[in-house]
Amino acid sequence: MLEPKKIKYRKVHRGNRKGMAKGGTEVNFGSYGLKAMESGWVTARQIEATRISISRRVRKLGRMWIRIFPDKPITAKPLETRMGKGKGSPEYWVANVKPGRILFEVEGIPREVAQEAFRIAGNKLAIKTKLVAKRGLDES
């Protein structure tokens, strides 16, 4: 699963999830992309499950790019622990995703295959997504 090799701080604030994505909003590498339509945290497990489901459809015909990386540690305190005594230890990693962000890209496969792959992949994620095509590829 994806996680940073080295980080500056072990625990981070929750941050804000408001607003639109600042960068990574256009399909750059492939022909089709999976675009986030709402904000949220996408866990490393969700990214891995999505990667597997897309690569099953793409197989050896095309290529795939992952455009997000889980770089935010989420902490949790043990069950049945009393309040106080500081923040919990890091449990898992998430990528902070805002609307408009391209999550995955594929190339070398027909639109119908990409549509089906991204439909199945979108079900693995906790946010709403849609298929987008590279500018000028097919205006629909």
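Structure report, in brief. (Residues numbered from 1 in each chain as written. Predicted model: local features only at pLDDT ≥ 70, side-chain atom pairs only at ≥ 80, totals over all residues. Heavy atoms only, no water.)

Section: the overall build of the protein
Short version of the rule: Labels follow the DSSP assignment, with helices taken as runs of H or I lasting at least four residues and strands as runs of E lasting at least two, numbered in each case from the N terminus. Only protein chains enter the accessibility calculation, which uses a 1.4 Å probe; a residue is then buried when its area is under 20% of its type maximum, exposed when over 50%, and partly exposed in between. Between two residues, a contact is recorded if the distance between any of their heavy atoms is within 4.5 Å. Only the protein chains shown count as cover for residues, with accessible areas throughout obtained via the Shrake-Rupley method and a probe of 1.4 Å. Within this scheme the basic residues Lys and Arg register as positive and the acidic residues Asp and Glu register as negative, but His and the chain ends are omitted. Every charge is mapped to an atom, namely NZ of Lys, CZ of Arg, CG of Asp or CD of Glu.
Looking only at helices and strands, one finds 2 helices and 7 strands in the protein. Projected onto the principal axes, the alpha-carbon positions of the protein cover approximately 55 × 30 × 25 Å. Taken across its 140 residues, the protein has 36% of its residues classed as buried. Residue pairs in contact within the protein that sit at least 24 positions apart in sequence constitute 82% of those at least 6 positions apart. Carbon and sulfur atoms make up 50% of the accessible area of the protein, which amounts to about 9,400 Å² in all. Between the averaged position of the 32 positive side-chain charges in the protein and that of its 13 negative side-chain charges there is a distance of 8 Å.

Quick word on the side chain of E105
So the rule is basically this: N or O atoms closer than or at 3.5 Å make up a polar contact, with two conditions inside protein: a donor-capable atom paired with an acceptor-capable one, and, for residues adjacent in sequence, both atoms drawn from side chains.
Position of E105 relative to the elements: it lies in strand β6 (residues 102–107). For E105, a relative accessible area of 0% corresponds to the buried category. Within the structure, E105 has its side chain in polar contact with the backbone nitrogen of F29 (distance 2.7 Å). Leave out the neighbours within four places in its chain, and E105 touches E26, V27, N28, F29, G30, Y32, G33, R63, M64, W65, R67 and F118.

A short note on unusual backbone geometry
Phi angles above zero are rare outside glycine, and E80 is one such case at about 55 degrees. Among the secondary structure elements, E80 is positioned in the loop between β4 (72–76) and β5 (89–97).

Focus: a positive patch on the surface
What counts, and what does not: Put simply, a patch holds well-exposed residues, over 30% relative accessible area, that have no salt bridge, with like charges counted together within 9 Å and Val, Leu, Ile, Met, Phe, Trp or Tyr side chains within 5 Å. The term salt bridge refers to a pairing of a side-chain nitrogen on Lys or Arg with a carboxyl oxygen on Asp or Glu at a separation within 4 Å.
On the surface, R10, K11, R14, R17, K77, R82, K85 and K87 cluster together to form a positively charged patch. With respect to the element layout, K85 can be found in the loop between β4 and β5.

Some words on the sheet that holds strand β3 (residues 63–66)
Whenever strands of a sheet pair, they do so through backbone hydrogen bonds, lying parallel or antiparallel. Where we set the bar: Only when DSSP finds a minimum of two bridges between them are two strands counted as paired. Here an axis means a line fitted to C-alpha atoms, over the contact stretch when the element is a helix, while the angle between two N-to-C directions is reported on a 0 to 180 degree scale.
Taken in spatial order, the 4 strands line up as β3-β6-β1-β7 in an open sheet, and their pairing is antiparallel. The sheet is open, and its two borders are formed by β3 and β7 (129–133), each paired with just one other strand. Across the sheet, the mean angle from the axis of one strand to that of its neighbour is 20 degrees, orientation sign disregarded. In this structure, strand β1 (residues 32–36) lies alongside β6, joined through 4 bridges in antiparallel fashion. Paired with G33 across the strands is E105, a residue of β6.

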